[in-house]
Amino acid sequence: MSQLLEAIRSNRDAVLNEWLKNMREGISRRDLIDDAEVSEQATRMLDAIIAVTDESRIANLAGSEWQPIKEMLADLSVSRAVQGFTPSETALFVLSLKPVLFQLIRERWGNKAGELFAEITIADNFIDRLALHTTDSYIAGRDQVIGRQQEEMLELSTPVVTLWDGIVALPLIGTLDSARTQVVMESLLQAIVRTNSRFAIIDITGVPTVDTLVAQHLLKTITAAKLMGAECILSGIRPQIAQTIVHLGINLEEVVTKAKLADAFRLALERSNRRVTRTNSATPAAAPAQER
Amino acid sequence: MDRIPILRMGPFLLVTIQVDMHDKLALTLQDDLTSRISDVGARGVLIDISSLEIVDSFIGRTLANIASMSRVLDAETVVVGMQPAVAITLVELGMSLPGIRTALNVELGMEYLRQNTIVEGSGDGWDGSED
């Protein structure tokens, strides 16, 4: 029968002080978290551990008495993930308790080899499990952050801008997948209806790769816009992308394509019977500003 | 409602679909419209589907058929005001309606019809290929 928890309980203050000392040596990012907070977290954790009375449960962390400790660790890891700690720094919180426990065990059972070994194995196991749980929670916390960022990006990534009365542009940035393309398609078509635009320019300068799937999505969007009575111009096709498109055998012959957004805009203006002209070159550019 | 009204505006016919199309209604419209075109000798047909929110492959095909039939009867056909959801559905169904003229709203559709029926033999007025 292990006596480890009992040993910790009777040496609580010494263990806590040693633990905090170890942690202070381990944490390099002092700027992210202050000592008082760490100390408070460690005290709460240690009190929760010594509150567990059933020594036999220490081997597998099962049972309801370990639940508060697990939750505490999970909260701690999630908050560390948000604060920007690395996984190792987060796991160090628990791992730095290990040498303290070993020291304690050595003082208590130093002259009895059998018990010493048994207690060390139990302590080692115990701390490792806590550390693994911390890392799991840390990763779960970071996944949450990533998921939220992805959602935000999806919302932010499809701005439809009005270039001129009746001409809208959709600058696409980033990789296109099915979910995003659906959002892109819908927002473009809705913008066409809302602004009554006869011309829509899809600019793919910021799209890193174009494969058959992306091309198919683009063609669908263009066809849908055409069905609604708007004309789509595809612009911003980089040389590498042009090569890929031809190599893949994607048929863009029915789509009007331009190399640059400016060219596409010029074409849209031309087709809506507009023209951009240079004003009288004799007038200095700064003149209107001076009049104001 | 078992019939969609067909309005006459000078040389053009105006059809506004304001109810959910079902198959029989679409076929009735096809019959009515073709006979009306030949009766009045219409030069252009404008079909406004801005209130149509649900479309299936049959309705899509009927629209395409009506447009082709009108063209055979020498009347230019424009479908106007298609909703984004309808456009997406048709594309997902693989129906890009290649022969159909489309316009954003009735105004632009009428403008197109005027340019392309009264001025004989001119090219596509509104997409700027001429001039």
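Our subject is the structure that appears above.
Below: a short report on this structure. Just so it is clear, the structure is predicted and the values come from calculations on it, not from any experiment. (Residues numbered from 1 in each chain as written. Chains lettered and ligands numbered in written order. Predicted model: local features only at pLDDT ≥ 70, side-chain atom pairs only at ≥ 80, totals over all residues.)

Turning our attention to the overall build of chain A. Along chain A, the regular secondary structure elements total 12 helices and 5 strands. A burial count over chain A gives 28% of its 292 residues as buried. A separation of at least 24 residues holds for 76% of the contacts in chain A among residues at least 6 apart in sequence. (Helix = DSSP H or I, 4+ residues; strand = E, 2+ residues; numbered from the N terminus. Buried ≥ 20, exposed ≤ 12 C-beta atoms within 10 Å, placed from the backbone. Contact = placed C-beta atoms within 7 Å.)

For the rest of this paragraph, the subject is the sheet that holds strand E1 (residues 161-164) of chain A. Residue and element names in this part refer to chain A. Taking strand neighbours across the sheet as the criterion, the 5 strands line up as E1-E2-E3-E4-E5 in an open arrangement whose pairing is mixed. Strands at the two margins of the open sheet, each flanked by one partner only, are E1 and strand E5 (256-257). Where strand E3 (residues 199-206) and strand E4 (residues 231-235) come together, 5 bridges link them in parallel fashion. Within E4, the position partnered with Asp203 by the bridge is Ser235. Helix H9 (residues 212-227) contacts E3 and E4 of the sheet and is inclined by roughly 150° relative to E4. (Pairing = 2+ DSSP bridges. Axes fitted to C-alpha atoms, helices over the stretch in contact; angles between N-to-C directions.)

The next subject is the sheet that holds strand E5 (residues 101-103) of chain B. By definition, the strands of a sheet pair up through backbone hydrogen bonds, in either a parallel or an antiparallel sense. All names here are of chain B. The strand order E1-E2-E3-E4-E5 describes an open sheet built from 5 strands, whose pairing is mixed. Taken across any chain shown, the strands that pair with only one partner, and hence form the sheet edges, are strand E1 (6-9) and E5. The average undirected angle you get between the axes of adjacent strands in this sheet is 25°. Bridge analysis of strand E4 (residues 76-80) against E5 gives 3 bridges, and the strand direction is parallel. Of the residues in E5, the one forming a bridge with Val79 is Thr102. Contacting strand E2 (12-16), strand E3 (44-48), E4 and E5, helix H4 (residues 106-117) runs over the sheet at an angle of about 165° to E4.

This next bit is on the interface of chain B and chain A. Contact with chain B, which involves 16 residues of that partner, is made by 19 residues of chain A. Listed by contribution, the elements that provide at least two residues to the side of chain B that touches chain A are helix H3 (84-92) and E5 of chain B. Per-element accounting of the side of chain B that touches chain A gives the leading share, 5 residues, to H3(B). In terms of residue class, the side of chain B that touches chain A is built from 11 nonpolar, 4 polar and 1 charged. (Nonpolar A, V, L, I, M, F, W, Y, C, P; charged D, E, K, R; others polar.)

Attention shifts here to the environment of Pro5(B). Residue and element names in this part refer to chain B. Its place among the elements puts Pro5 in the segment before E1. Using a count of 12 C-beta atoms within 10 Å as the deciding quantity, one classes Pro5 as exposed. Pro5 sits 11 residues away from Thr16 along the chain, and the two C-alpha atoms are 7.3 Å apart.

Let us now look at the pairing of E1(B). All names here are of chain B. Direction of pairing for E1 relative to E2: antiparallel, over a ladder of 4 bridges. Across the sheet, Met9 pairs through a bridge with Phe12, a residue of E2. Between E1 and E2, which pair antiparallel and follow one another directly, the connecting turn spans 2 residues, one of which, Gly10, has a positive phi of 60°.

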